[in-house]
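# Analysis of the macromolecular model
If you want the building blocks of each chain, they are given just below.
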Amino acid sequence: MTAAFLSAINTLTKPLDEVSVHDAQSPHREALLAAALQAKRALLLRQLQSERSFEEVRRLREEVMAEAEWFSGDTEDATWGFVQECLLLLLTLARHLSIELELFEQTRVTSAAKQHNPHTAPPLPPDVLSVTQQKTLGAALQFVVSLGLCPYLAHGVGVPLGCRSAFGAMVEKLVRGGAVSAEGRRLLATTNVLLQLAELSSLATLVFTQHLGDVMAALCQLGYQPHRERKGTEEEKQQQLSAEECRTCREALKSLLGKVYQPIVVKELLILQGGPRQSGAVGNVSGSSSKAALGSAPAWLRRLCGQLLSERLMQPNGVQAVVRAILEGGKGGESDWRKCDGVARILVACPQQSASADSYYRQICPQILDLLHFKDKLTAQQFQRVATRAVLFMVQEKPSFAHQYLLTPLLAPLQRCTAASNESHSQAAVEEWELTRCVEDVYKIWVVGNSPSAALLKALEEVLPVIFELFCFTKQNVCHLRAPCQDVLLWYLSHTEASVALSALRQLSGLQGQKSEAADFHFTPGSDGGARFSSRESLSDEDDALYEKLSREQWRLECLMQLLAELKECDLPGDFFLDLLQELTSWAAAADEVKKDEQELDVSAMTLLEVEQQLLGRAAGEGQRLALLQVLAAMVESLPHTVLLRKTTQVVDFIVSLIQRACVGLDQVTDLSLGNPVESQTLSMGMGLVATLLSGPQLSAEDYSSMSRLLPPLEMLSLKHSEVVIQELASNLRTVIATHGACWPEDLTAAAAQCSRNPETAARNSVPSVKKQTEAQASQSGPQSSPPDNTHIRRPPSFRGSAAGITPQAGGRTSGTSVPCSSTKPFSDLLLEACDPDVPTRAFALRVLTRMVQNENPEVVKAQEKVLTLFLENLEHEDSFIYLSAIQGLAALSDSYPERILERLLKEFQHGPSLPTSNMEHSLETRLKVGEVLMRASRAMGELAPHLGRPLVGVFLQGTRDPDQSVRASSLSNLGELCQKLDYALGPLAQELSSCLTALIKTEKEAEVRRAAVHVIALLLRGLSNKTTEVLSGVLLDLYRALKWVVRSDPDDVAVLHAQLALEELDDVMRRFIFPEQKLEKKIVVLP
């Protein structure tokens, strides 16, 4: 039955074959179109009267026509008559579908009670239309809108038909060709019919997907257009809309805007609001595929659309609707980023319709933050851009509202980490999802937004300790919050002011009081790879609590050093280092005053409370000093000089701090022997560093200006230091700096280098020359500013080598592992100093003897036995500085004289120390130290390993049966290092070696020894590489089975890991053996 109604509509809308409007001349097109419309209407009426299939259509049409007050049968306007027929048929179809739906609902209830088969498809409701039927209905709606709605819109309201297509322009001209007095009534009738059709869901989809903008434009005009008083006949006045009709249209518009998907509503309102006339085209407008330029809308319509848009914005999820309406369909190009900035500015601007700015931002700001949490990739990028820019704009333009409604809620989880109380131990203070969302939002706003301002930096500063604490936690675990936390911390340290950044670093390092987290709470791993802030279990043991506290502080310091290491292009690490050094200098300067106060303090006159406060204050001061030294030590150990001292000014600041610290105790120390040798050497190094900087090429005026701060401490050194050579060097350096290098002493660089190498030797060797120079200067009666007679005016020479152990490019750092240069002391004195009870003196002598061995000094060659005995005696020393120097010396001896020295070392390793002075209680430690020497010797053998290594293999194999597990492990370690070098010489020993290793792997009880045995196999396979299948062909299967046995059966995880690594090495070897690398080469064979 529905087909009959759609057939009638098709008859009315189907084009006539014999009439072609496009082929006609332009003046006749309007007449032909009107004739065609009139002919189609007449054809429909004849069919309705003659054909029996249209009886139901005719009956319902007559009912609808009787109820339609707007219908006029005697109209002379052919176009409006055609529109009336379309409206009647559409209403007839809607009534028919409504009746059918009621019957369908009644029958479905009864049939559902009878049939319970789940496999039966449910019947289709009668309002479901086919594609062909939808096309027919769409054509009818297009006729209605084009002929009965758009022509009656006022100028500037909606998109004109002429801007949609050429046919639309002709239709517009046809309708507006005659004077229409009842245009408001016709517009109202068409709009009401379309709204009635929209009450049926199947027809509402067709109406609103294609013609929503036109319906909205019509309702805006009918309900809100200002009416002017017209002078005319009584009939014309009756054609005007009444106040009740206007009110009904306004309510209908309000209802329509509330039902439709809000982004579409916003988009249509923006189109209705219009814009400046453009030469280009915009996208699809109101369902038309043609591209049209937006014209200028009337003032009343612009105000209305602005008001409606503001209402849409202030609704729940209104921000998202506005953003979607403007950005949907974008592809992330430059134009989309500009749109994002535009939308952000729209959100920040408070509309005039809002009751107050506070209520507006209180409603909008939470929605702006919600834009940060979308998961779709493209949508998330655009929404996050809008949210980020909106937050930044609000911070700049509305800082008070931004802090109250944006920054405070955003940072609330981090703030709760500092304010967690003991009352909520039963649950987490901050859940994982809250903390994850908060950190990600901070990263998006601060780091991705990258627009530093005072308000943003201040807000982040309040939660920076918590973020750092979270960063330290993530470094101990696998956590996806590590990277955003690190980026946020680096962003803050890079963009804040230097003084604030230094204060933050002092707080993070523990040098200033901080409250990074509640005492009874800590971060724990979350179930989704994040972190949660929950209560901490209290430790009953005070020692465990203290150990945990110290471990946590040490780990925090290591994490801070890792952060500073990332600031490679920033001066902040160097400034922080120099700030700590300056504080250290101030501590040293105040130490004497503190001692005087303590001596003058009369405890007997104080109360117990005052004494306790005095002691606590003194302990706090000592703790602060220790913390300062700990941070300085961590920075020196962890950060390279390229990070600590990047610029010449920082190097100068470092030297100023160093020399000022040396000047603190000049008044108290008057004799060289009473001074601290470490401080003397440090001062000498600083003097050499100054000379190195001055010797650098092309020093600028700024460099000399920064060095001018060295003049006061250098003057103090030249007047008060106890060493004459330091006085002379300080005076010469001061002269060069004061004259900007115009006056340069000849021996300045050499004196600085010599002084920095060995201050005591330099002092002894330089005293006569210094005295001569002093007498020569005293004989002169010139002014004080005249240069001494050992100088002349010239440019400084280029600095040769690293005489002071420093280069200008090295930024003032010396190598901590460098061997001392050859001493001028006689060989006998070095032998005596190698037995000196003073640890630094003995270690220095051993290092010098080692260098002499490496340089094949004739005196050392003659006294090999004495030097060997000396090294062996020092090998038993308990100080690591001594016995490591002895190990290095023995390794150098075995490298220079391998056959004789290795034989003696092997006896010491097998049977223990043989010297008369040896302490047999420490025999095991000495054997292990000898094992270290043998391992270094094995590494240094190189191609001589097959010749020299056979005795070592035998001794190491015997060592695997030693009663002590440490010796067994050491023997296996040395065996692995040696076997890597033997190559084909290992063939005869392969069977014995395999049997030993296999037996140890399967029978040894100590896990340490089993690990070493498995590691020997791994080193063996790694060293032989492609030769493995040739050298170990007879034992390779046994070794493979032993490794598999370890993987399957060994309880030690480390041994299993070593076995897996060895199996990987074996796998690589066999892959290369089975699938050799293909080489493109030619082989030439000479035939006999």
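In what follows, the structure referred to is the one given above.
Everything numeric here is computed off the predicted structure, so don't read it as measured data. (Residues numbered from 1 in each chain as written. Predicted model: local features only at pLDDT ≥ 70, side-chain atom pairs only at ≥ 80, totals over all residues. Heavy atoms only, no water.)

The next subject is the pattern of salt bridges. Working definition: two side chains of opposite charge can pair if their charged atoms are close together. In this structure the tally under the stated criterion is 28 salt bridges. Here Arg52 makes a salt bridge to Glu55, at a shortest N to O gap of 4.0 Å. By relative accessible area, Arg52 is classed as exposed at 70%. Residue Glu55 is classed as partly exposed on the basis of its relative accessible area, which comes to 41%. For Arg186, the salt bridge goes to Asp77, with nearest N and O atoms at 3.0 Å. Separated by 109 residues along the polypeptide, Arg186 in helix 7 (residues 183-197) and Asp77 in the loop between helix 3 (55-67) and helix 4 (78-114) bring together distant segments of the chain. Arg186 sits in the buried class, given a relative accessible area of 12%. Looking at Asp77, the relative accessible area reads 26%, which means it is partly exposed. Each of the salt bridges in this network shares a partner with another, and the network as a whole consists of Glu56, Arg59, Glu63, Glu67 and Arg95. (Salt bridge = Lys/Arg side-chain N within 4 Å of Asp/Glu carboxyl O. Buried < 20%, exposed > 50% of the residue type's maximum accessible area, 1.4 Å probe, protein only. Helix = DSSP H or I, 4+ residues; strand = E, 2+ residues; numbered from the N terminus.)

Where strand 3 (residues 521-525) lies against strand 4 (residues 531-535), 5 bridges are found, and the strand directions are antiparallel. Bridging across to strand 4, Thr524 finds its partner in Arg532. Between strand 3 and strand 4, which pair antiparallel one after the other, the connecting turn spans 5 residues, and Gly529 there sits at a positive phi close to 85 degrees. (Pairing = 2+ DSSP bridges.)

Let us now look at a nonpolar patch on the surface. Judged by side-chain polarity, Phe1073, Ile1074 and Phe1075 come together as a nonpolar surface patch covering roughly 370 Å² of accessible area. Relative to the helices and strands, Phe1075 resides in the segment after helix 47 (1053-1074). A residue is classified by how much of its surface remains accessible, and Phe1075, at 61% relative accessible area, is exposed. (Patch = residues over 30% accessible without salt bridge, like charges linked within 9 Å, V, L, I, M, F, W, Y side chains within 5 Å. Areas by Shrake-Rupley, 256 points an atom, 1.4 Å probe, with all protein chains shown as cover.)

The next point concerns helix 17 (residues 399-410). Each turn of an α-helix holds 3.6 residues, which means side chains three or four residues apart point in the same direction. Every buried residue belonging to helix 17 is among Phe401, Ala402, Tyr405, Leu406, Leu407 and Leu410, and all of these are buried. The arc enclosing the buried residues of helix 17, seen along the axis, measures out at 160 degrees, which places them on a common side. Those residues of helix 17 that are buried are in contact with helix 15 (357-370), helix 16 (377-397), helix 18 (412-419), helix 19 (432-448) and helix 20 (454-475). (Arc of directions from axis to C-beta. Contact = heavy atoms within 4.5 Å.)

Before going further, it helps to spend a moment on helix 35 (residues 839-854). Here helix 35 spans 23 Å end to end across 16 residues, near enough to the 22 Å set by a 1.5 Å rise per residue. Contact partners of the buried residues in helix 35: helix 34 (827-833), helix 36 (858-862), helix 37 (864-875) and helix 38 (880-896). Of the residues one or two after helix 35, Glu856 is the one with positive phi, at around 55 degrees. (Expected span 1.5 Å × (residues − 1).)

Here we come to the packing of helix 37 against helix 38. Packed helix pairs are specified by the crossing angle of their axes together with the interaxial distance, meaning the distance between the axes. Interaxial distance between helix 37 and helix 38 falls to 8 Å at its minimum, and their mutual angle equals 145 degrees. Regarding helix 37 and helix 38, the two cross each other, and that crossing is left-handed. Facing Val867, Leu868, Phe871, Leu872, Asn874 and Leu875 of helix 37, the residues of helix 38 in contact are Ile882, Tyr883, Ala886, Ile887, Gly889, Leu890 and Leu893. Considering only residue class, the contact of helix 37 with helix 38 consists of 11 nonpolar, 2 polar and no charged. (Axes fitted to C-alpha atoms, helices over the stretch in contact; angles between N-to-C directions. Left-handed = near helix turned anticlockwise from the far one by under 90°. Nonpolar A, V, L, I, M, F, W, Y, C, P; charged D, E, K, R; others polar.)

In the Ramachandran plot, Asn317 falls in the positive-phi region, its phi being about 60 degrees despite a non-glycine side chain. Tracing the sequence through the fold places Asn317 in the loop between helix 12 (299-314) and helix 13 (318-327). The phi dihedral of Ser1025 is positive, around 55 degrees, even though this residue is not glycine. When you line up the elements, Ser1025 lands in the loop between helix 44 (1007-1024) and helix 45 (1028-1031). Residue classification places Ser1025 among the partly exposed positions, given a relative accessible area of 26%.

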